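The lines below spell out each chain.
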Amino acid sequence: MNAFFQWADGRREPARPHCQNHTIQIPKEEIPAGACALEIELDEFTAPAGSDGCFLVPNIQQNACDNVGPGGVIRFQHRPDGETHFGFNSMPFFAVIRDGKGVLAVVSGMSLEYELIVRLHNGTYHLTPRFQWEGEPDEAIELKLLPLDEPTYSAAARAYRRYQLERGACLPLRERAVRYPAAGEAALGPMVRLRLAWKPVPSPVPEQTLENEPPLHVAITFDRVCEIIERFHRRGIRHAEFNLVGWNCSGHDGRWPDWAPVEPRLGGEAGLHKVIELARQYGYLISLHSNNIDSYSISSRLSPEDLLLDSDGNPVDGGSWGGGRCRRLCPKAAYRFAEEDFAEFSRWNLYGTHYIDVLSILRPDACFNPAHPLSRREAGEWRGRTLRLARESCGASSSEGAWDFCIGDMDYVLYAVFKPDMPLPQFCDEAIPLWHLVYHGILTYNSDCGTVNEAISPDPEKMLRNLECGGRPLNYFYSKFTTTNNNWMGEDDCSCGTDEELDRCVEAIARSAEEFSKRSDLQFEFIERHERLGGGLVRVEYSNGTVLLINHSATPQQAEGHEVAAHSYLRLDPRRA
């Protein structure tokens, strides 16, 4: 093993990590003043080109705009020298499989401050973690090396899951459902998100005021939401959760951190309470969408002291959305708003999976605001506290995307992978559902953006891909809302502008919910093995022994003595044998 500290001017000096009990550590007190990076070259994470085996990385995305990508396999094949950087590791681990064995490296200290570098040089592959930080590190740099019980990516996922559970970072869904019943009930049926109202996106008015605020488009009033709930009930849909998006003043992303008053053009607070009571009457879960990371200048509650500042003292930009130009809130300052908000929401008889936008799809930024400075680690902890508050106030909590720094504080993830079909980097040979293998049976999710509205899609692959990854169906009324047609959730969309549109969508969702009910029990099991058998056939094995054979191809496939029809699946349950 070799390790080197680096300085901004390019200077390098050897580092001397402490090695004990398969743990590699450099205490923060031993990190030299002014150093800004550290590379650790591990002997186990090298291999000659042409040899059997591979590296595993948790996320193949190359830049922050890609948000969360799938896991990746880098095989030791012959190719030109070069390197690929994996800078956004949504789970803090990497692995090597070689010589018929495997090793998992868990980044247990400075887990938000590193990238992975895959290099091929002079016929040898290297996988190197490179830690980078601004200011003074606030914790030790630490790696834990864990042996795998078999040389597969499924074994790497099992080892990291075991590590997370044994250290108490999260709980199995079966146990969590006892503490938080809403989380267990949600696993039995689809999530149905309803976008009620929104302003133009991107905003034509960057700095909005009450006088120049763009017009609000109303798609679904609270009275119409009640009609949707009634149709679900009449159709016999037993389990479902309704999550209301844009219920707040000025609709989706309207004036955060302001939400009050409840948007009058939808029916105001009285109309919202009518929705909540009707959903509860029929036994459906009902929840809200809110935002504790974005802010807009039109807000009456916002103060400059609340903003997240970068190391140059500038507000961190969050893009252009319904409320105009977005500036990120410091998560510690935002928690004050969350306390006020959930004190009110807790009185509204809500019962479901409260959704807070963005919190888990972006790596936390350090805050350099002198009023509330935070490291990345501390920023992540404050995001987790906000999700915990949502769970305690409303039943369960959720956010968007799959960074796992606050995994124990979430119950549902809106698209665990943002871009499932992103181009493979130079040093990546296969995308794999690594996150899903780790966290299935711990929380619920839909597998990726491309599986939104699988119920109404003519493409059977949407359902099959979500099924392969253990996803819960996600239906979205008015998923498409930008003026630029940046429809990251796909072109299939639920709508209810007419009764005919609504009936068509409810019928499709009912059929999807009935199909999901045949396998919803598997939401409470771990995925133990995932194998691609060739010919478009995938085998997924659960902790209770159930096997799903999933055929993505256009022709029937044979496996384990069974024929799996084209674009279909079979469930093989030992209890029925």
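Procedures and definitions
- Residues numbered from 1 in each chain as written.
- Predicted model: local features only at pLDDT ≥ 70, side-chain atom pairs only at ≥ 80, totals over all residues.
- Heavy atoms only, no water.
- Helix = DSSP H or I, 4+ residues; strand = E, 2+ residues; numbered from the N terminus.
- Rg over C-alpha atoms; globule rule 2.2 N^0.38 Å.
- Buried < 20%, exposed > 50% of the residue type's maximum accessible area, 1.4 Å probe, protein only.
- Expected span 1.5 Å × (residues − 1).
- Contact = heavy atoms within 4.5 Å.
- Pairing = 2+ DSSP bridges.
- Axes fitted to C-alpha atoms, helices over the stretch in contact; angles between N-to-C directions.
- Parallel < 35°, antiparallel > 145°, perpendicular 65-115°, else oblique.
- Nonpolar A, V, L, I, M, F, W, Y, C, P; charged D, E, K, R; others polar.
- Phe/Tyr/Trp six-rings, centres within 6.5 Å; stacked < 30°, edge-to-face > 60°.
- Salt bridge = Lys/Arg side-chain N within 4 Å of Asp/Glu carboxyl O.

A.B. asks: Describe the overall build of the chain, and please don't skip the residues or the numbers.
C.D. replies: Within the chain one finds 10 helices and 34 strands. Relative to the 2.2 N^0.38 estimate, which gives 25 Å for 577 residues, the radius of gyration of the chain is 24 Å and therefore close to what a compact globule would have. Its C-alpha atoms put the chain at 65 × 65 × 40 Å along the principal axes. Put simply, the chain has 577 residues, and 61% of those count as buried.

A.B. asks: Got a sec to walk through helix α6 (residues 331-345)? Specific residues and values, please.
C.D. replies: End to end, α6 covers 19 Å across 15 residues, agreeing with the expected 21 Å (1.5 Å per residue, within 8%). Listing the buried residues of α6 in full gives P331, A333, A334, Y335, F337, A338, D341, F342 and F345. The secondary structure elements touched by the buried residues of α6 are β23 (352-356) and α7 (376-394).

A.B. asks: Account for the sheet that holds strand β27 (residues 444-445), with residues named and values stated.
C.D. replies: What the 8 strands build is an open sheet, ordered β27-β25-β24-β23-β19-β18-β15-β28; its pairing is parallel. Where the open sheet ends on each side, the last strands, each with one partner, are β27 and β28 (474-477). Here strand β15 (residues 191-195) pairs with strand β18 (residues 241-245) via 5 bridges, running parallel. When the sheet's bridge partners are listed, R195 is paired in β18 with V245. In the packing of helix α4 (residues 222-235) onto the sheet, the strands contacted are β15 and β18, and the crossing angle to β18 comes to about 165°.

A.B. asks: Give me the lowdown on α7, citing residues and values where you can.
C.D. replies: Residues that lie three or four places apart on an α-helix share one face, since the helix turns once every 3.6 residues. Compared with an ideal rise of 1.5 Å per residue, which puts 19 residues at 27 Å, α7 spans 27 Å between its outermost C-alpha atoms and is within 8% of the ideal. G395 lies just past α7 and shows a positive phi near 120°.

A.B. asks: Quick rundown of the sheet that holds strand β21 (residues 317-321)? Include the residues and the values.
C.D. replies: Pairing is antiparallel in the open sheet, where 3 strands are placed in the order β20-β22-β21. Each end of this open sheet is capped by a strand with a single partner; those strands are β20 (294-295) and β21. As defined by bridge partners, β20 adjoins strand β22 (residues 324-328) across 2 bridges and the pair is classed as antiparallel. Its bridge partner being in β22, S295 is matched across the sheet by R327.

A.B. asks: Which residues make up the packing of α4 against helix α5 (residues 268-281), and what values do they have?
C.D. replies: Where α4 meets α5, the axes come as close as 9 Å, and the angle between the chain directions of the two elements is 10°. The angle between the axes of α4 and α5 places the two elements in the roughly parallel class. In this structure, α4 uses F222, D223, V225, C226, I229 and E230 to contact α5, whose residues at the interface are G268, G271, L272, K274, V275, L278 and A279. A class-by-class count of the residues in the contact of α4 with α5 yields 8 nonpolar, 2 polar and 3 charged.

A.B. asks: Please provide a residue-by-residue account of the pairing of strand β7 (residues 54-57), values included.
C.D. replies: Going residue by residue along β7, you find C54 and L56 tucked away on one face and F55 and V57 tucked away on the opposite face as well. Judged from the 4 bridges that link them, β7 and strand β8 (residues 71-75) form a sheet pairing that is antiparallel. By the bridge assignment, L56 is partnered in β8 with V73. Strand direction decides the pairing type here: β7 and strand β10 (residues 93-98), joined by 3 bridges, are antiparallel. Note on β10: the bridge partner recorded for L56 is A95.

A.B. asks: Can you break down the side chain of E263 residue by residue, with the values?
C.D. replies: Relative to the helices and strands, E263 resides in the loop between β18 and α5. Of the residues examined, E263 reaches a relative accessible area of 1% and is grouped as buried. Leave out the neighbours within four places in its chain, and E263 touches L216, F222, W247, N248, C249, S250, G251 and G268.

A.B. asks: Explain the pairing of β28 residue by residue, including any values.
C.D. replies: Because side chains alternate across β28, one face comprises the buried residues L474 and Y476, and the other comprises N475 and F477, equally buried. As paired strands, β15 and β28 are joined by 4 bridges and run parallel to one another. Directly across from L194, in β28, lies its bridge partner F477.

A.B. asks: With reference to specific residues and values, describe the packing of aromatic side chains.
C.D. replies: Under the counting rule described, the total for this entry stands at 25 aromatic pairs. Between the aromatic rings of W247 and W348, the centroid separation amounts to 6.1 Å while the plane-to-plane angle is 85°, which identifies the pairing as edge-to-face. In this pair, W247 sits in the loop between β18 and α5 while W348 sits in the loop between α6 and β23, placing the two residues 101 residues apart along the sequence. For the pair W247 and W348, a shared accessibility class is recorded, and that class is buried. Pairing W321 with W488 gives two aromatic rings, centres 6.3 Å apart and planes at 90°, and the pair type is edge-to-face. One end of the pair, W321, is in strand β21; the other, W488, is in the loop between β28 and α10 (499-517), with 167 residues separating them in the sequence. What makes W321 partly exposed here is its relative accessible area of 25%.

A.B. asks: Can you explain the pattern of salt bridges? Please cite residues and give values.
C.D. replies: According to the stated counting rule, one finds 53 salt bridges in the structure shown. The shortest N-O distance in the salt bridge between R539 and E531 comes to 3.5 Å. Judged by relative accessible area, which is 14%, R539 ranks as buried. Taking the relative accessible area as the measure of exposure, E531 reaches 34% and is therefore partly exposed. Salt bridges sharing partners connect three or more residues here, namely D149, E150, R158, R162 and R529.

What is shown is where atoms sit, not what they do.
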